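Understanding the architecture of this molecule
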Amino acid sequence: MELTTAEKKVLNGISFHTDEIEKGDLCPEDTVLLNEMRQVEHYLQEKYPSYTFEITGCEPKSGTTRTYSEWYFKCGEIERDSAFIAMSEETENGYAIRDAFFGQVIKEPIRQELERILQTNGFSPINIEVSFWDYLGKEFDEHLDANKVLKGELEAGNDFKIFLDDSKLTEKTTNR
Amino acid sequence: MLQETDCIQITFCYERNGVPMNSNLSIEEIVLINNLLYCENLGGPRGTFLSISHENRTIGDYVDCVLHYASKIENDKEYSTGVTGAEYKQIMWSIRPNQHLKDIIILQVHYESECAGGGRSALLFDPSSNEAIVAFKGTQSDAEWIDNVSGLYMVPTEFQNNALTWFQSLDLDSYDTITVTGHSKGGNKAKFITIMDDRVDNCYSFDGQGFSDEFIRKYSTQIIKNQDKIFNIIAQSDFVNILLNDVGKKQFYLGTNYGRLGFAENHCANAIVFYDDIGEMSVWEAPAQDKKMVALDKMLNSFIRSIRMSTKEKVANMLGSVIVNAYSGDTDKLVYAFADARNADSSAKLIAYTLRYKIEKPEMVESVREILSQNGFSTSLLGVINFVTNYDLLMELIGKKPEMVLSILKMNHANENTITFLKKHMELFDLVVSVSKKMRKINPLRFSGDDLKAEDTAIIINRFAISKRTISFIVFFLIIAVIICIFILG
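Quick caveat, the model's predicted, so the values are computed rather than measured.

1. A short note on the overall build of chain B
Along its length, chain B carries 20 helices and 18 strands. Here chain B holds 490 residues, and 51% of them are scored as buried.

Below is the structure:
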């Protein structure tokens, strides 16, 4: 079996069978992992065609209480120290895959919109952090409507932190 | 059960060379932080502590959030290996009255982006003391053992290097105190960073494994310089910390064992946590390490030293594979891991070593028997071990003919369980022959089982340490230079 250098690296990080991986002579368990990794990679490329991805690691479900494996990946177009994460769960027909990368695609338009709303209302935010609790699957692509997510029309587990200069707030407005 | 004579309640001040470690965190708080690192999906995705969405929130915010959704946490479900929802709720309730811990801010959550085995870590900030706390999670998946055992043949490992790279990318200049911590593999990363980066003030490694002889020799001067900053928190019967050589001060703590995972539960991060009637948590110092673990530690050390560097990777992979299968509590899987063609030669080395070791130190067998039975394994394995030990020459001669061996066993009135066990695992016979051949070539007392200390590998002159390895290089090059000079002048 032909494996790329990146695939060998990832498999070596989650399997004890170093020699067999180097030769491409994979045991059944490693073949399953390779297949799963390739499906995750394919899913990401298909869902976000404007971006390039490299899977860099995995926390397999084996030995944990999780029902899914977590795949760590980098995006060629985005410089970030931390990896992005996709989850893959075995189903009858293959794998159900979900990822957190959509947040990267829509966070900037959401941040800008929040800033606009705040400034319109007389608040000048020091910082706005946009993140999401949910992992979304292939039902959405890279054209996910940021506005619909912001308004809650599409459920993504919105988590927005707005940092304001409290010296400019009156006592009344600081009450939450 | 706690017995007053077995333990003394801990104090909050720890010293290194007479100087208190300057972290503002108590041991209980360190243990609680390490438990939080493992929280995943408690009552929903917001219950994952190491999530980027929790950045710039406090530990108190996280605990309140989890307890808000407490009704969604299933009491009997395991949310991380060996730890149920009910146990996690206990942990959350015990944090709630601790304002100091609740005020700690989660500044940054990091998902490893370079290293294949993944891994998560966090930068926390204690505003009351301007202290940065860098915490590393162990992975708990089977893959964790790939890195745990790679420390046998790689100096340093990829995981250790990546953890250091991330640590050094953090802007830590403005903090008064820098503390690193982690459980299991995370504990090893914390120790590695403390050894390699002089800025670290305190390191609390919780059940983290140690370092190879090669590592101790290579970094002896760095270890001597920084080892006093390292404090090892170790569950009395934990089995991960015994891997390789310890660095730093060690303190053992009494462990709880709820029995679900048997012996494996000794490695859970909440294994040393006790609660009183009002839910307040405490940890209790133990007078010493579990004797079983002391015996295993020494045997493993001397076994690893008996392996040539060129074959250490194979032996490490076998060890990891065996440990992962041992975790499962399934005797058949464990036997398969030993007999698997990829591992067979290394397994034979380990078993042969253990058998010869057993002859010299018979108490080992009792330790292994207790560990196997606590983990739900068939102790018939030990019957086979006894038989091979007593009849190694015979096994070498006729081991390839299983039926003959079984007949001889029956004639010798061997234990029926042992015979049934062997019949079920005919794949063991090839392994047994290989073990018998190796047994006579092994001298188990040739290699010390004690941990190698950095001081043993370095020469200290006026507080300056020079590793013996460096001195060897210098002497070697001096000899070469002298030879060249003689050649040129001659």
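Once you've had a look at it, read on.
2. Some remarks on the nonpolar core
Ranked by internal contacts, the top residues of the largest apolar core, which has 86 residues, are Trp-71, Phe-73 and Ile-85 of chain A. Aside from chain neighbours lying at most four places away, what touches Trp-71 of chain A is Met-37, Val-40, Ile-55, Cys-58, Ile-85, Ala-86 and Ser-88 of chain A. Grouped together as the second largest cluster of nonpolar side chains are 82 residues, Ala-135, Phe-192, Ile-234 and Leu-243 of chain B included.

3. Quick notes on helix H10 (residues 291-305) of chain B
All names here are of chain B. With 15 residues, H10 extends 21 Å from end C-alpha to end C-alpha; this agrees with the ideal 21 Å at 1.5 Å per step. Buried residues of H10: Lys-292, Met-293, Ala-295, Asp-297, Met-299, Asn-301, Phe-303 and Ile-304, and no others. Turning to H10, the residues buried within the fold contact helix H13 (344-360) and helix H14 (363-374).

4. Focus: the interface of chain B and chain A
How large an interface is tends to be reported as the accessible area lost when its parts come together. Taken together, the contacts link 34 residues of chain B with 31 residues of chain A. Only strand S5 (78-80), strand S7 (105-111), helix H6 (158-169) and helix H11 (309-328) of chain B provide two or more residues apiece to the side of chain B that touches chain A. Counting residues per element, the side of chain B that touches chain A draws most heavily on H11 of chain B, which supplies six residues.

5. What to know about unusual backbone geometry
Generally, phi is negative for residues other than glycine and the peptide bonds are trans, each holding for most cases. Residue and element names in this part refer to chain B. At the junction of Val-155 and Pro-156, the peptide bond is cis and its omega measures out at -15 degrees in the coordinates. Looking at the secondary structure, you find Pro-156 in the loop between helix H5 (144-150) and H6. Although it is not a glycine, Asn-130 sits at a positive phi angle of roughly 50 degrees. As for its placement among the helices and strands, Asn-130 is situated in the loop between strand S8 (120-126) and strand S9 (131-136). Backbone geometry places Ser-184, a non-glycine residue, at a positive phi of 60 degrees. Looking at where Ser-184 falls in the secondary structure, it is placed in the loop between strand S10 (177-183) and helix H7 (185-196). We classify Ser-184 as buried; it has 27 C-beta atoms within 10 Å.

6. Remarks on the domain arrangement of chain A
All names here are of chain A. Partitioning chain A into structural domains gives domain 1 (5-99) and domain 2 (102-174). Each partner contributes residues to the interface: domain 1 has twelve residues there, and domain 2 has eight residues. Residue assignment for the side of domain 1 that touches domain 2 shows that the elements contributing at least two residues are helix H3 (28-47), strand S3 (84-91) and strand S4 (94-99). If you tally residues by element for the side of domain 1 that touches domain 2, the top one is S4, at four residues.

7. Thoughts on the confidence of the model for chain B
Residues at a pLDDT of 70 or more form 89% of chain B, whose mean pLDDT is 85. The ipTM for the predicted assembly is 0.92, set against a pTM of 0.88.

8. A short note on helix H3 (residues 85-95) of chain B
Listed as buried for H3 of chain B are Glu-87, Tyr-88, Ile-91, Met-92, Ser-94 and Ile-95 of chain B. Projection of H3 of chain B onto a plane perpendicular to its axis shows the buried side chains occupying an angular sector of 165 degrees, all on one side.

9. Topic: the packing of H13 of chain B against helix H19 (residues 428-439) of chain B
Two quantities define a packed helix pair, namely the angle between the axes and the distance from one axis to the other. Residue and element names in this part refer to chain B. It is at 8 Å that the axes of H13 and H19 come closest, and there the two elements cross at 55 degrees. Judged by the inter-axis angle, H13 sits oblique to H19. Between H13 and H19 lies a crossing of right-handed hand. The segment H13 lies against H19, with Ala-344, Ser-347, Ala-348, Lys-349, Ile-351, Ala-352, Leu-355 and Arg-356 engaging Leu-431, Ser-434, Val-435, Lys-438 and Met-439. Its residues placed into classes, the contact of H13 with H19 shows eight nonpolar, two polar and three charged.

10. A closer look at the pairing of strand S11 (residues 202-206) of chain B
Looking along a regular strand, one sees the side chains alternate between the two faces of the sheet. Residues and elements named next belong to chain B. For S11, the tally of buried residues reaches five of five residues, placing the bulk of the element in the interior. With burial as the criterion, each face of S11 is covered, one bearing Asn-202, Tyr-204 and Phe-206 and the other bearing Cys-203 and Ser-205. Pairing of S10 with S11 involves five bridges; the strand directions are parallel. Following the sheet pairing, His-183 is matched in S11 by Phe-206. The handedness of the S10 to S11 crossover, carried by H7, is right-handed. Pairing geometry for S11 and strand S12 (residues 230-235), over four bridges, is parallel. Bridge pairing in S12 links Ser-205 to Asn-232.

11. Some remarks on the environment of Ile-105 of chain B
Its location among the elements puts Ile-105 of chain B in strand S7. With 47 residues separating them in the primary sequence, Ile-105 of chain B and Thr-58 of chain B have C-alpha atoms 4.1 Å apart.

12. Considering the packing of helix H17 (residues 402-411) of chain B against helix H18 (residues 416-424) of chain B
Residue and element names in this part refer to chain B. Direction vectors running N to C along H17 and H18 enclose 170 degrees, while the axes themselves pass 10 Å from each other. Here H17 lies roughly antiparallel to H18, going by the angle between them. Between H17 and H18, the contacting residues are Leu-406, Leu-409 and Lys-410 on the first element and Thr-418, Ile-419, Leu-422 and Lys-423 on the second. Looking at side-chain class alone, the contact of H17 with H18 contains four nonpolar, one polar and two charged residues.

13. Structural notes on the pairing of strand S1 (residues 53-59) of chain A
All names here are of chain A. The buried count for S1 comes to six of seven residues, which makes it a mostly enclosed element. The pairing of S1 with strand S2 (residues 68-75) spans six bridges and is antiparallel. Its bridge partner lying in S2, Phe-53 is registered against Cys-75.

14. Here's the deal with the sheet that holds S1 of chain A
Residues and elements named next belong to chain A. Pairing is antiparallel in the open sheet, where four strands are placed in the order S1-S2-S3-S4. The open sheet has two free edges, formed respectively by S1 and S4, since each of these has just one partner strand. Mean inter-strand twist for the sheet, computed between neighbouring axes without regard to direction, equals 30 degrees. Where S2 lies against S3, six bridges are found, and the strand directions are antiparallel.

Here is what the cut-offs are and how they apply
Numbering of residues starts from 1 in every chain and runs along the sequence as written. Here chains are named by letter from A upward and ligands by number from 1 upward, in the order in which they appear as written. The model is predicted, so local features are restricted to residues of pLDDT at least 70 and side-chain atom pairs to those at 80 or more, both for listing and for counting; the totals for chains, interfaces and linings are taken over all residues. Only DSSP runs of H or I covering at least 4 residues are called helices, and only runs of E covering at least 2 are called strands; the numbering of each starts at the N terminus. With C-beta atoms placed from the backbone, the exposure class of a residue follows from how many other C-beta atoms lie within 10 Å of its own: 20 or more, buried; 12 or fewer, exposed; in between, partly exposed. Remark: nonpolar core denotes a set of buried Ala, Val, Leu, Ile, Met, Phe, Trp, Tyr and Cys residues whose joining runs through C-beta atoms within 7 Å. What counts as a contact here is a pair of residues whose C-beta atoms, placed from the backbone, lie within 7 Å. What a helix is expected to span follows from its residue count: subtract one and scale by 1.5 Å. Where each domain begins and ends follows an automated or database-derived domain assignment. The score called pLDDT rates the predictor's confidence residue by residue, from a low of 0 to a high of 100. What the arc covers is the set of directions going from the helix axis to the C-beta atoms. Helix axes use the C-alpha atoms of the stretch in contact, all axes being lines fitted to C-alpha atoms, and the angles between their N-to-C directions lie in the range 0 to 180 degrees. An angle counts as roughly parallel when it lies under 35 degrees, as roughly antiparallel when it exceeds 145, as roughly perpendicular when it falls between 65 and 115, and as oblique in every other case. By convention the crossing between two helices is left-handed if the near helix lies anticlockwise of the far one by an angle smaller than a right angle, and right-handed if it lies clockwise. Here the term charged refers only to Asp, Glu, Lys and Arg, the term nonpolar to Ala, Val, Leu, Ile, Met, Phe, Trp, Tyr, Cys and Pro, and the term polar to all other amino acids, Gly among them. In this description, strands pair whenever DSSP reports at least two bridges between them. We call a crossover right-handed when, viewed with the strands running away from us, the connection from the first strand over the helix to the second turns clockwise.

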